[in-house]
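# Geometric and topological summary
What follows is each chain in one-letter form.
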Amino acid sequence: MSKTKADNRARLLQAAEKTTYLYGFGSTSIADIAKAARVPLGNVYYYFKTKDEIGGAIVKLRISRFKKLLQDLDKADSPKERLCGFVDIKIKNRETLARGGCPVGTLCSELQKYGGAAAKKSRVLFAEALAWMEKQFEALGKGAESRDCAVHLLSATQGASVLAHTFHDPTMIAREAERLKK
């Protein structure tokens, strides 16, 4: 793919990620994405044949970022520090989360409602998080409880994000995060 074509695709993907986060996957049209990317509507179909393909590309991008994030967290000295680092990300982003919700949680939820191949792919985002967390809890000696601990932690961070967004109150994330870190 030539540089111009790669640039157009990247611009479309960036616009798709932003517009679907702001307005929801179901409410965002391909025309909205084209407009935000400043690409003629007809050209979008050269890069993405369907809206589901756009959803899949967003998921692929988020998976890539999330794997990088987990690699960075894995640099911490202990499993507890790694898990606390995950929670700290929520604290760091609490203002954004209170304004717009969790971009990963929102995307997964929206895609599940929409259905299609992108919905199935989006499960990987939470599956990766749960597997990584479970590994950390196993290293902490939680044994058979490790999976349940991972589910609780992910549920708590996602729930805090939903509540903070609903009430536009970033302190909800900070308070819950401090409890989780203890």
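Refer to the structure printed above.
None of the values given here were measured: they were computed from a predicted structure. (Residues numbered from 1 in each chain as written. Predicted model: local features only at pLDDT ≥ 70, side-chain atom pairs only at ≥ 80, totals over all residues. Heavy atoms only, no water.)

For the protein chain, the helix and strand inventory stands at ten helices and zero strands. In the protein chain, the order of α-helices and β-strands from amino to carboxyl end is α-α-α-α-α-α-α-α-α-α. Here the C-alpha coordinates of the protein chain stretch approximately 55 × 35 × 30 Å along the principal axes. When burial is assessed residue by residue, the protein chain has 40% of its 182 residues classed as buried. (Helix = DSSP H or I, 4+ residues; strand = E, 2+ residues; numbered from the N terminus. Buried < 20%, exposed > 50% of the residue type's maximum accessible area, 1.4 Å probe, protein only.)

Structurally, A16 is set in helix α1 (residues 3-23). Assessed through its relative accessible area of 1%, A16 is described here as buried. Taking the C-alpha atoms as reference points, A16 and T28, separated by twelve residues in sequence, lie 8.4 Å from one another. Not counting chain neighbours up to four residues away, the residues in contact with A16 comprise I33, I54 and I58. (Contact = heavy atoms within 4.5 Å.)

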